[in-house]
Amino acid sequence: MMKKLMIAFFTLLLLGNPALLVSAADGVPRLVDEADLLSDSDEAILLDQLDEISERQQVDIVVVTLNSLEGMSPMEYADDFYDYNGYGFGDERDGVLFLISMEERDWYISTTGYGITAVTDAGREYMSEQFIDYLREGEYKEAFTAFAGLCDDFITQAREGEPYDVDHLPKEPFEVVGSLIIALGGGFLISLIATGIMRGKLKSVRSQSAANNYVKSNSMNLTKRNDLFLYRQVSRRKKPKESSSSSSSSSGGSRTHKSSSGTTHGGGGGKF
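Figured I'd write up the structure that's included with this text. (Residues numbered from 1 in each chain as written. Predicted model: local features only at pLDDT ≥ 70, side-chain atom pairs only at ≥ 80, totals over all residues. Heavy atoms only, no water.)

**A look at the nonpolar core**
Generally speaking, a soluble globular protein has its nonpolar side chains buried in company with each other. Applied cut-off: Among the buried residues, those of types Ala, Val, Leu, Ile, Met, Phe, Trp, Tyr and Cys that are joined through side-chain atoms within 4.5 Å form a nonpolar core. Remark: exposure states derive from per-residue accessible area (1.4 Å probe, protein chains only) relative to the maximum for the residue type, with buried under 20%, exposed over 50%, and partly exposed in between. Only DSSP runs of H or I reaching four residues or more are called helices, and only runs of E reaching two or more are called strands; each is numbered from the N terminus. Here a residue-residue contact requires only that any non-hydrogen atoms of the pair lie within 4.5 Å.
Grouped together as the largest cluster of nonpolar side chains are 34 residues, with contacts concentrated most on Phe-98, Leu-135 and Phe-147. The set of elements that each furnish at least two residues to this core consists of helix 2 (40-57), strand 2 (60-66), strand 3 (95-101), strand 4 (106-112), helix 5 (121-136) and helix 6 (140-160). A total of ten residues in this core trace back to one element, the largest contributor, which is helix 6. Those residues in contact with Phe-98, other than ones at most four positions away along the chain, are Val-62, Val-63, Val-64, Trp-107, Tyr-108, Ile-109, Phe-131, Leu-135, Phe-144 and Phe-147. Val-62, Leu-66, Tyr-77 and Leu-99 belong to the second largest nonpolar core, which has 14 residues in total.

In structure tokens form, the structure reads like this:
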């Protein structure tokens, strides 16, 4: 009921003051934890992070948690919550909203304006892989912190180069690569020491400078020599046909739709 009243209030406010449609949300928190998934201290820390990223990037980064979607779909609720509460920077209402509903354990990311450009469909899928385990384990602070940091990285990447998308996603963290290098290096060093010790024990064998030193004199005589053709192997591959149309998952970018307010949104979600 509180949510319906909030949406109704901001609907009337926005209709009465169109200027609010082209400015960042004023007085509406970027963290709304109705499901009470965070402690007070965690809420304060996360809200500071969301505010800092949003103001610096000029793209609203919002987190909303609910106990129920009140009969709406995750997409409808996320889009309407964003639209009717006045979130978004500039004429295009730039922003990204992360919605969690505990009723059916739904998550959904709604993108608007520059958020659609920065967080592509492929990028959103990559994001979900980074926070989905946190959600499943009930580590909500870690999930929301990871989401906010990823939004920051994705927006920066989109502005400074090419948005993260199909065939162009973030590389694995350095820590993972570094640990692998250290493990391989340690294994190589151990094997080098072991083979060195075994080599030192071989007292009766010495390397020779020429191959003929290993052949016993007059031990082999060639009486006949032939070249025989045994077989031929040919590999063939069917050339793939060019498709006249491609889906967004293969061509990249973001699929979009219109919300009840008429605003264009991208986004997607799933279960946890």
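Following the structure, the description resumes.
**Re helix 6**
Rules: What a helix should span is 1.5 Å times the count of its residues minus one.
Under the 1.5 Å per step criterion, the end-to-end length of helix 6 is 30 Å for 21 residues, consistent within 8% with the ideal 30 Å. Every buried residue of helix 6 is listed here: Tyr-140, Ala-143, Phe-144, Phe-147, Ala-148, Leu-150, Cys-151, Asp-152, Phe-154, Ile-155 and Ala-158. The inward-facing, buried residues of helix 6 contact helix 2, strand 2, strand 3, strand 4, helix 4 (114-118) and helix 5.

**Considering the pairing of strand 4**
Counted only if it meets this: For two strands to count as paired, DSSP must find a minimum of two bridges between them.
Counting buried positions along strand 4 gives seven out of seven residues, so the element sits mostly inside the fold. Alignment of strand 3 against strand 4, held across seven bridges, turns out to be antiparallel. From the neighbouring strand, Ile-100 faces strand 4, where its bridge partner is Trp-107. Where strand 3 folds back onto strand 4 in an antiparallel hairpin, the turn is made up of four residues, including Arg-105, whose phi is positive at roughly 55 degrees. Sheet topology note: the strand 4/strand 6 (residues 264-271) ladder contains seven bridges and is antiparallel.

**Some points on helix 5**
The following threshold applies: To get the bend at any residue, fit one axis to the seven residues that end at it and another to the seven that begin at it, then take the angle between the two axes.
The end-to-end C-alpha distance of helix 5, which contains 16 residues, comes to 22 Å, matching closely the 22 Å that a straight helix rising 1.5 Å per residue would cover. Roughly 40 degrees is the biggest bend found in helix 5, and it falls at Gln-130. Within the span of helix 5, buried status applies to Asp-121, Ala-122, Gly-123, Arg-124, Tyr-126, Met-127, Ser-128, Phe-131, Ile-132 and Leu-135.

**Comments concerning the packing of aromatic side chains**
Quick note on the threshold: For this analysis, a ring pair means two rings from Phe, Tyr or Trp (six-membered ring only for Trp) whose centres lie within 6.5 Å, classed as stacked if their planes differ by under 30 degrees, edge-to-face if by over 60, and tilted for the remaining angles. Here, a charge over a ring means that NZ of Lys or CZ of Arg falls within 6 Å of the ring centre while also lying within 35 degrees of the ring normal.
This model, assessed by the stated rule, comprises nine aromatic pairs. Of the aromatic side chains, those joined through ring pairs into one cluster are Phe-98, Trp-107, Phe-131, Tyr-140, Phe-144 and Phe-147. Taking NZ or CZ as reference, Arg-159 lies 4.9 Å from the ring centre of Tyr-114, over its face.

**What about the environment of Thr-117?**
Looking at the element boundaries, Thr-117 is found in helix 4. Note on Thr-117: relative accessible area 38%, which makes it partly exposed. Taking the C-alpha atoms as reference points, Thr-117 and Ala-158, separated by 41 residues in sequence, lie 7.4 Å from one another.

**What to know about the environment of Ala-148**
Mapping Ala-148 onto the fold places it in helix 6. Beyond its immediate chain neighbours, meaning those up to four positions away, Ala-148 contacts Gln-49, Leu-50, Ile-53 and Ile-61.

**Some points on the sheet that holds strand 2**
Worth spelling out the cut-off: The axes used here are C-alpha line fits, helices contributing only the stretch in contact, and every angle between their N-to-C directions lies in the interval 0 to 180 degrees.
The six strands are arranged 1-2-3-4-6-5 in an open sheet whose pairing can be described as mixed. Taken across any chain shown, the strands that pair with only one partner, and hence form the sheet edges, are strand 1 (31-33) and strand 5 (256-258). For this sheet, the mean inter-axis angle between neighbouring strands, taken without regard to orientation, is 25 degrees.

**Concerning the packing of helix 5 against helix 6**
Convention followed: Here roughly perpendicular refers to angles of 65 to 115 degrees, roughly parallel to angles under 35, roughly antiparallel to angles over 145, and oblique to all remaining angles. A clockwise turn of the near helix away from the far one marks a right-handed crossing, whereas an anticlockwise turn of less than a right angle marks a left-handed crossing. Residues are sorted three ways: Asp, Glu, Lys and Arg are charged, Ala, Val, Leu, Ile, Met, Phe, Trp, Tyr, Cys and Pro are nonpolar, and all the rest, Gly among them, are polar.
Where helix 5 meets helix 6, the axes come as close as 8 Å, and the angle between the chain directions of the two elements is 160 degrees. Classified by the angle between their axes, helix 5 and helix 6 sit roughly antiparallel to one another. Where helix 5 crosses over helix 6, the handedness of that crossing is right-handed. Listed contacts from helix 6 to Gly-123, Tyr-126, Met-127, Gln-130, Phe-131, Tyr-134 and Leu-135 of helix 5 are Tyr-140, Glu-142, Ala-143, Phe-147, Leu-150, Cys-151 and Phe-154. Looking at the contact of helix 5 with helix 6 residue by residue, the classes come out as eleven nonpolar, two polar and one charged.

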